[in-house]
Amino acid sequence: DVLGSRGLGDVYKRQLYSGIDRLPNEGEEIYAKHFSLQLGGGVPATLINLGRLGIKTKIATELGDDIFSNYARQEFEKCGVSPINLYKGDDDIPLNVTSAMITSRDRTFMSYGHGSVEATPDALDAAYKMCTGAKIVIMHTGGFLPVYKKLKSEGTMLVFDCGWDDNLSLENYKEHLELADYYTPNQKDCLLYTSDAADDLIGV
């Protein structure tokens, strides 16, 4: 179990439309050549792949009793990932539901949900208990920095994958980036961060 991997993150139940030449404009309808249902989000996707490799993995996230949450549980368990539920609210659908449209150039998403897992005192405690002793922890955005700092002091390796955020900037994620051993951005994330860095240098 010491060699296992843990992660905290919001789950996306994704409907993937691929094999399309362009995105529809308002008032238009186009048909995709391919369609699939998958679980998404950087943290869930990473842990699912690790679970498929036979590595003991757990994810702390928010799931309810709705059809999408039940699908997520089944997919996690099928892939060898144990979900730890942090959700104590009363939303009908606590996880995120996404339609992803994939062209030859890139992908775009439309999502429903509240995004990040809420860092309540109970959630912080549960997250630390789940992650302590793990060799690698996949970091989540939001208010879980105290947990990551404690894990880092205990020798846990931290990997940060924030996903898209309209407020993505070096200023907003400075502490996460300084704490992480590894960061896994996509090209657009990198462009935002390097633009911030260039602006800082110009201002010096």
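For the structure, see preceding data.
This one's a predicted model, so the numbers in the text were calculated from it and none came from an experiment. (Residues numbered from 1 in each chain as written. Predicted model: local features only at pLDDT ≥ 70, side-chain atom pairs only at ≥ 80, totals over all residues. Heavy atoms only, no water.)

**Structural notes on the overall build of the chain**
Phase 1 of the analysis: For the chain, the helix and strand inventory stands at six helices and 10 strands.
Phase 2 of the analysis: Here the chain has a C-alpha radius of gyration of 18 Å; the compact-globule value for 204 residues is 17 Å, and the two agree.
Phase 3 of the analysis: Expressed as lengths along the three principal axes of its C-alpha atoms, the size of the chain is roughly 55 × 50 × 35 Å.
Phase 4 of the analysis: Across the 204 residues of the chain, 37% fall into the buried class.
Phase 5 of the analysis: Sequence-distant contacts, at least 24 apart, represent 61% of the contacts inside the chain between residues at least 6 apart.
Phase 6 of the analysis: Surface summary for the chain: the accessible area is close to 11,900 Å², and the carbon and sulfur share equals 52%.
Phase 7 of the analysis: Placing the 20 positive and 30 negative side-chain charges of the chain at their respective mean positions leaves the two points 8 Å apart. (Helix = DSSP H or I, 4+ residues; strand = E, 2+ residues; numbered from the N terminus. Rg over C-alpha atoms; globule rule 2.2 N^0.38 Å. Buried < 20%, exposed > 50% of the residue type's maximum accessible area, 1.4 Å probe, protein only. Contact = heavy atoms within 4.5 Å. Areas by Shrake-Rupley, 256 points an atom, 1.4 Å probe, with all protein chains shown as cover. Lys, Arg positive; Asp, Glu negative; His and termini not counted. Charge placed at Lys NZ, Arg CZ, Asp CG, Glu CD.)

**Topic: the environment of Gly-7**
Phase 1 of the analysis: Among the structural elements, Gly-7 can be located in strand E1 (residues 5-8).
Phase 2 of the analysis: For the pair formed by Gly-7 and Thr-120, sequence separation is 113 residues and the distance between their alpha carbons is 17 Å.
Phase 3 of the analysis: For Gly-7, the contacting residues outside a window of four places in its chain are Val-43, Leu-47, Lys-58, Ile-59, Ala-60, Met-130 and Ile-138.

**Thoughts on the pattern of salt bridges**
Phase 1 of the analysis: Counted under the stated rule, the structure contains seven salt bridges.
Phase 2 of the analysis: Between Asp-122 and Lys-88 there is a salt bridge, with its nearest N and O atoms 3.1 Å apart. In this pair, Asp-122 sits in helix H3 (residues 121-131) while Lys-88 sits in the loop between strand E5 (81-85) and strand E6 (96-102), placing the two residues 34 residues apart along the sequence.
Phase 3 of the analysis: A relative accessible area of 69% places Lys-88 in the exposed class. (Salt bridge = Lys/Arg side-chain N within 4 Å of Asp/Glu carboxyl O.)

**Details of the packing of helix H4 (residues 145-153) against helix H5 (residues 170-179)**
Phase 1 of the analysis: In the contact formed by H4 and H5, the axes pass within 10 Å of each other and the chain directions differ by 20°. Our classification of the angle between H4 and H5 gives roughly parallel. The element H4 and its partner H5 pack so that their crossing is left-handed. On H5, the residues touching Leu-145, Tyr-148, Lys-149 and Lys-152 of H4 are Glu-175, His-176 and Leu-179.
Phase 2 of the analysis: Taken together, the residues of the contact of H4 with H5 sort by class into three nonpolar, one polar and three charged. (Axes fitted to C-alpha atoms, helices over the stretch in contact; angles between N-to-C directions. Parallel < 35°, antiparallel > 145°, perpendicular 65-115°, else oblique. Left-handed = near helix turned anticlockwise from the far one by under 90°. Nonpolar A, V, L, I, M, F, W, Y, C, P; charged D, E, K, R; others polar.)

**Observations concerning the sheet that holds E5**
Phase 1 of the analysis: Here six strands make up an open sheet; going across it, the order is E5-E4-E1-E8-E9-E10 and the pairing parallel. Two strands lie at the open edges of the sheet, namely E5 and strand E10 (182-183), each paired on one side alone.
Phase 2 of the analysis: For E1 and strand E4 (residues 57-61), the ladder comprises four bridges, and the chain directions are parallel. Its bridge partner lying in E4, Gly-7 is registered against Ile-59.
Phase 3 of the analysis: Sitting on the sheet, H4 touches E1, strand E8 (136-139) and strand E9 (157-160), and the angle it makes with E8 is about 155°.
Phase 4 of the analysis: Where H5 meets the sheet, it contacts E8, E9 and E10, and its direction lies at approximately 140° from that of E9. (Pairing = 2+ DSSP bridges.)

**Brief notes about H4**
Phase 1 of the analysis: The set of residues buried in H4 consists of Leu-145, Val-147, Tyr-148 and Leu-151. The buried residues of H4 all sit within an arc of 155° when viewed along its axis, so they share a single face. Across H4 from its buried face, at more than 90 degrees, point the exposed residues Pro-146 and Ser-153.
Phase 2 of the analysis: Buried residues in H4 make contact with E1, H3, E8, E9 and H5.
Phase 3 of the analysis: Downstream of H4 by a residue or two, Gly-155 has a phi angle that is positive, lying close to 100°. (Arc of directions from axis to C-beta.)

**Focus: the state of the cysteines**
Phase 1 of the analysis: One pass over the structure, following the stated rule, counts zero disulfides.
Phase 2 of the analysis: Between Cys-79, a free cysteine, and Cys-131, which holds the nearest cysteine sulfur, the sulfur-to-sulfur gap is 19 Å.
Phase 3 of the analysis: In this structure Cys-79 comes out as buried when scored by relative accessible area, which is 9%. (Disulfide = S-S within 2.5 Å.)

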